[in-house]
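Remarks on the overall topology
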Amino acid sequence: MSVPDDQDDLAELRRILASPAGWEPPPELRRPTASTHHNLVVLLLSCPFLGHPAYALLGRYLTEQALYQDWFRGVAKGSGRSLTEMAELARLPGEVTGRVYAAWLAFDAAAGSEGPDAEVGAAVAAARSGLEKALAAAAGALAAARAA
């Protein structure tokens, strides 16, 4: 990414900096590390009944986050992309983490719900499926952005 050198570039930079930053992580994802997605992974790994398919997708999500961060810092920044494109790329990891976190909250709520076993079981299964889809979509979005 180059430093803006004319008024149009400066105006674009001001617009980007003034725009909303996207998803804001909740306090529970601000520790134990400085990385929101690492903290989300720790939170999900602490669930003893998430299921092996979800754990596998969680590993893929973590891998894609790491690959994306490495790519963004190395390749994307030196690619000559516009400030708008760079801002969108910078927001992507947080946005996908926000979607995974929302799916986790739905799963956690379903797992903690009360009622007939069959109803709770169905709610947990549906929420687990939603979480698995969110993890797969997040990993896919990060991989697709690197490939574009």
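Check the entry above for the structure.
Let me begin by describing the structure that accompanies this report. (Residues numbered from 1 in each chain as written. Predicted model: local features only at pLDDT ≥ 70, side-chain atom pairs only at ≥ 80, totals over all residues. Heavy atoms only, no water.)

Description of the overall build of the chain
Threshold: Secondary structure elements are defined from DSSP: runs of H or I of at least 4 residues count as helices, runs of E of at least 2 residues count as strands, and each element is numbered from the N terminus. In this scheme, a residue with accessible area under 20% of its type's maximum is buried, one over 50% is exposed, and one in between is partly exposed, where area comes from a 1.4 Å probe on protein chains only. When checking whether two residues touch, look at their non-hydrogen atoms; a contact exists if any pair is within 4.5 Å. Reported accessibility uses the Shrake-Rupley method at a 1.4 Å probe radius. Residues are deemed covered only where the shown protein chains occlude them.
Looking only at helices and strands, one finds five helices and zero strands in the chain. Along its sequence from the N terminus, the chain presents helices and strands in the succession α-α-α-α-α. Within the chain, the fraction of its 148 residues that count as buried is 34%. For the chain, long-range pairs separated by at least 24 residues make up 67% of all intrachain contacts whose partners lie at least 6 apart in sequence. A total of about 8,400 Å² of accessible surface is found on the chain, and carbon and sulfur atoms cover 60% of it.

Topic: the nonpolar core
The condition that has to hold: Buried Ala, Val, Leu, Ile, Met, Phe, Trp, Tyr and Cys residues that are joined via side-chain atoms within 4.5 Å together make up what is termed a nonpolar core.
Counting 34 residues, the largest nonpolar core has Leu44, Tyr61, Trp104 and Leu131 as its most contacted members. Elements supplying a minimum of two residues to this core: helix H2 (36-45), helix H3 (52-74), helix H4 (83-111) and helix H5 (117-147). Looking at this core element by element, the count peaks at ten residues for H4. The residues contacting Tyr61, other than those within four sequence positions of it, are His37, Leu40, Val41, Val96, Thr97, Val100, Leu135, Ala138 and Ala139.

Structural notes on the packing of H2 against H4
Defined as follows: In this analysis, axes come from line fits to C-alpha atoms, helices being fitted only over the stretch in contact, and the angle between any two N-to-C directions falls in the range 0 to 180 degrees. Each angle receives one of four descriptions, namely roughly parallel if under 35 degrees, roughly antiparallel if over 145, roughly perpendicular if within 65 to 115, and oblique otherwise. Crossings are classed by handedness, with left-handed meaning an anticlockwise turn of the near helix from the far one by less than a right angle and right-handed meaning a clockwise turn. Ten residue types, Ala, Val, Leu, Ile, Met, Phe, Trp, Tyr, Cys and Pro, are classed as nonpolar, four, Asp, Glu, Lys and Arg, as charged, and the remainder, Gly among them, as polar.
One can describe the packing of H2 onto H4 by two numbers: an axis separation of 10 Å at closest approach and a directional angle of 20°. The pairing of H2 with H4 is recorded here as roughly parallel in orientation. Once H2 is placed against H4, the crossing between them reads as left-handed. Seen from H2, the contacting residues are Thr36, His37, Leu40, Leu43 and Leu44; seen from H4, they are Thr97, Val100, Tyr101 and Trp104. When its residues are assigned to classes, the contact of H2 with H4 shows six nonpolar, three polar and no charged.

Notes on the pattern of salt bridges
Just so we agree on the cut-off: Salt bridges are defined as contacts in which a side-chain nitrogen from Lys or Arg sits within 4 Å of a carboxyl oxygen from Asp or Glu.
Enumeration according to the criterion identifies two salt bridges in this entry. The salt bridge involving Glu24 is made with Arg30; its shortest N-O contact spans 2.9 Å. For Glu24, a relative accessible area of 51% gives the class exposed. The partner of Glu64 in a salt bridge is Arg146, with the nearest N and O atoms 2.8 Å apart.

Bear in mind that shape data such as this cannot, by itself, settle questions of function.
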